[in-house]
Amino acid sequence: NNMLTWQRTGFHFQPEKNWMNDPNGPMYYKGFYHFFYQYNPNGAVWGDIVWGHAVSKDFVHWTHLPVALVPDQWYDQNGVWSGSATLLPDGQVIILYTGSSNESAQLQNLAYPANLSDPLLVDWVKYPGNPIIGPPKGIYKKDFRDPTTAWRTSEGKWRITVGSKAGRTGAAFVYETEDFKTYRLLPGVLHAVPGTGMWECVDFFPVSINSKNGLDTSTNGKGVKHVMKVSLDDDRHDYYSVGTYDVIANTWTPDNPQNDVGIGIRYDYGVFYASKTFYDQKKGRRILWGWISESDSEKSDVLKGWASVQSIPRTLLLDQKTGTHLLQWPVEEIESLRLDGKDFNNIKVEAGAVIPLDVESSSQADVVAEFEVDKAAVEAVEVSPNEEFNCASSGGASQRGSLGPFGILVLADPSRSEQTSLHFYISKTSSGSLKTSFCTDQSRSSQASDVNKQIYGSFVPVLQGEKLSMRILVDHSIVEAFAQGGRTSITSRVYPTRAIYHNARIFLFNNATDASVLASVKIWPMNSASIQASSH
Ligand code: FRU
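What counts as what
Each chain has its residues counted from 1, following the order in which its sequence is written. With the structure being a predicted model, the display of local features is reserved for residues of pLDDT at least 70 and the display and counting of side-chain atom pairs for 80 or more, all residues being used for whole-chain, interface and lining totals. In computing side-chain values, all of the structure's heavy atoms are included and hydrogens and water are not. The helix and strand labels rest on DSSP assignments: H or I over at least four residues marks a helix, E over at least two residues marks a strand, and numbering proceeds from the N terminus. We call a residue buried when its accessible area falls under 20% of the maximum for its residue type, exposed when it is over 50%, and partly exposed in between, using a 1.4 Å probe and counting protein chains only. In this analysis, strands are considered paired if DSSP registers two or more bridges between them. Salt bridges are counted wherever a side-chain nitrogen of Lys or Arg sits within 4 Å of a carboxyl oxygen of Asp or Glu. Any two cysteine sulfur atoms lying within 2.5 Å of each other are counted as a disulfide.

## With respect to the environment of Ile292
Moving on, step 1. Here Ile292 shows up in strand 21 (residues 285–292).
Moving on, step 2. Looking at Ile292, the relative accessible area reads 0%, which means it is buried.
Moving on, step 3. The spacing of Ile292 and Ser492 is 200 residues in sequence and 8.2 Å in space, taken between C-alpha atoms.

## Description of the pairing of strand 28 (residues 364–373)
Moving on, step 1. Burial runs high along strand 28: seven of the 10 residues are buried.
Moving on, step 2. Taken together, the eight bridges between strand 28 and strand 33 (residues 468–475) define a ladder with antiparallel strand orientation. Considered in strand 33, the bridge of Asp366 is made with Leu473.

## Quick notes on the pattern of salt bridges
Moving on, step 1. Applying the stated criterion to the full structure yields 32 salt bridges.
Moving on, step 2. Two residues, Asp358 and Lys342, come together in a salt bridge whose shortest N-O distance is 3.6 Å. Pair noted here: Asp358 is in the loop between strand 27 (354–357) and strand 28 and Lys342 is in strand 26 (residues 342–349), with a separation of 16 residues, a long-range link.
Moving on, step 3. The exposure class of Asp358 is exposed, given its relative accessible area of 54%.
Moving on, step 4. Among the ionic pairs, Asp343 bridges to Lys522, the shortest N-O distance being 3.7 Å. With Asp343 in strand 26 and Lys522 in strand 37 (residues 517–525), this pair connects stretches of sequence that are 179 residues apart.
Moving on, step 5. Among the residues examined, Asp343 registers a relative accessible area of 45% and is labelled partly exposed.

## What to know about the state of the cysteines
By definition, a disulfide links two cysteine residues through a covalent bond between their sulfur atoms.
Moving on, step 1. Inspection of the entire model under this criterion finds one disulfide.
Moving on, step 2. Cys391 shares a disulfide with Cys439; S-S distance 2.2 Å. The S-S bond linking Cys391 to Cys439 shows a torsion near -70°; that makes this disulfide left-handed. Of this pair, Cys391 sits in the loop between helix 2 (375–380) and strand 29 (403–412) while Cys439 is found in strand 31 (residues 434–441), placing the two residues 48 residues apart along the sequence. As far as the burial class goes, Cys391 and Cys439 line up, both buried.

Right, dumping it as structure tokens:
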């Protein structure tokens, strides 16, 4: 349907057609970033799941390859579900994935490249001894999936974890292996949290507390913290938490129980699910991929013939200032798509003002903005009546408070009959300190009626001396936004009908009643990436 082709993205990864979900088995191998993904070759809805496969040299331009793994065995007849890759020191490449069997049991399986000298890793072999792991005693056969990348203990044995649940308690089981063919279930669980339900796509990896480098998955010891991430099947969000891994006790413990996985901090306060990280040994960084589903109707997906994109891969680091948050930032390579940028410096946005920023077309853009709220106004403001401000229950961009909302409107047509806001809202607490929220308001994002128009976001830590800052990647029907250097992020899917191509504009706005803000914005129109079919 041509009417909807403008919703396709210019620089986000997507297959040429059909349904995509989770990122699978990302790795860097012999000069190529490999990306696999849950894919339905037969339609734009979930089903008949295989592993799609693509490669890139830079995370920007991609070549699609033939599907890597298809359901052709009894143990994966219902789908080749999510899994991860592990690079072994001797050069072997291991993939572990969940097969949904002929009886819909979730069984873990081993696959490896048919030819290690092929940098494209086009052909894959399933281990004849599959399945290698079945559900532990007492675990329902449909609650046991998505094996992680393996990490190596100081004893030289490999471990993986697999998500599950028992009753309403989400849990992660750990298995130990020496050869990836036979496994031993370790006693206890790596971690479990009551009330969180099924844990999908568990991720478990080290972060450095004192360097700017990512860490290989097996790194442990001094100066290392371990992050656990779970994808909650019940609420479709990815939660992470920073904590300590005790390799002998086989347990991971969150630093702060209030930030435990499943109840605490999210990677993203919009649409972002079933994410997975890997260690990029080429550049010494950890990279996060997340599945960004549609928030229009299934009917529209079928009409347009595709569903879902992937996030721009994000570099992931521990935020050493808060110790609780991770910093997520689009990989630097994406900046190679920036065209001539335009600066708007020190623009005073009075309370109640909306200011158009003069750039021709912004359906593909990279926007960086900084805000300073008038200090005298902040001092003068009374304690906010609604100390418990919450983006989701707020009135969004149009509900005026003393110190917010203010920020940026993207995918807005010139008359602003459509607009999507990314904004800050500051409350003064009874102790006199400030609390800042970072929100998006999609209520006016589209004239279409069958799309999600929620308002959402989260509290974002703002430390002494920091300016408020945001970065926004706009790409037709996806907006990825990052506040305070990536401490809090919000991804949304929006479907404007008028704010498209050259009618997609950007505005500054300030709907605070009591304060002007000083804004500096830089906008780069973005080139398109080349995402091509292969000759295979
Ligand atoms: C998460 C998930 C995984 C599963 C896969 C199936 O979105 O449900 O748990 O392996 O998708 O496509």
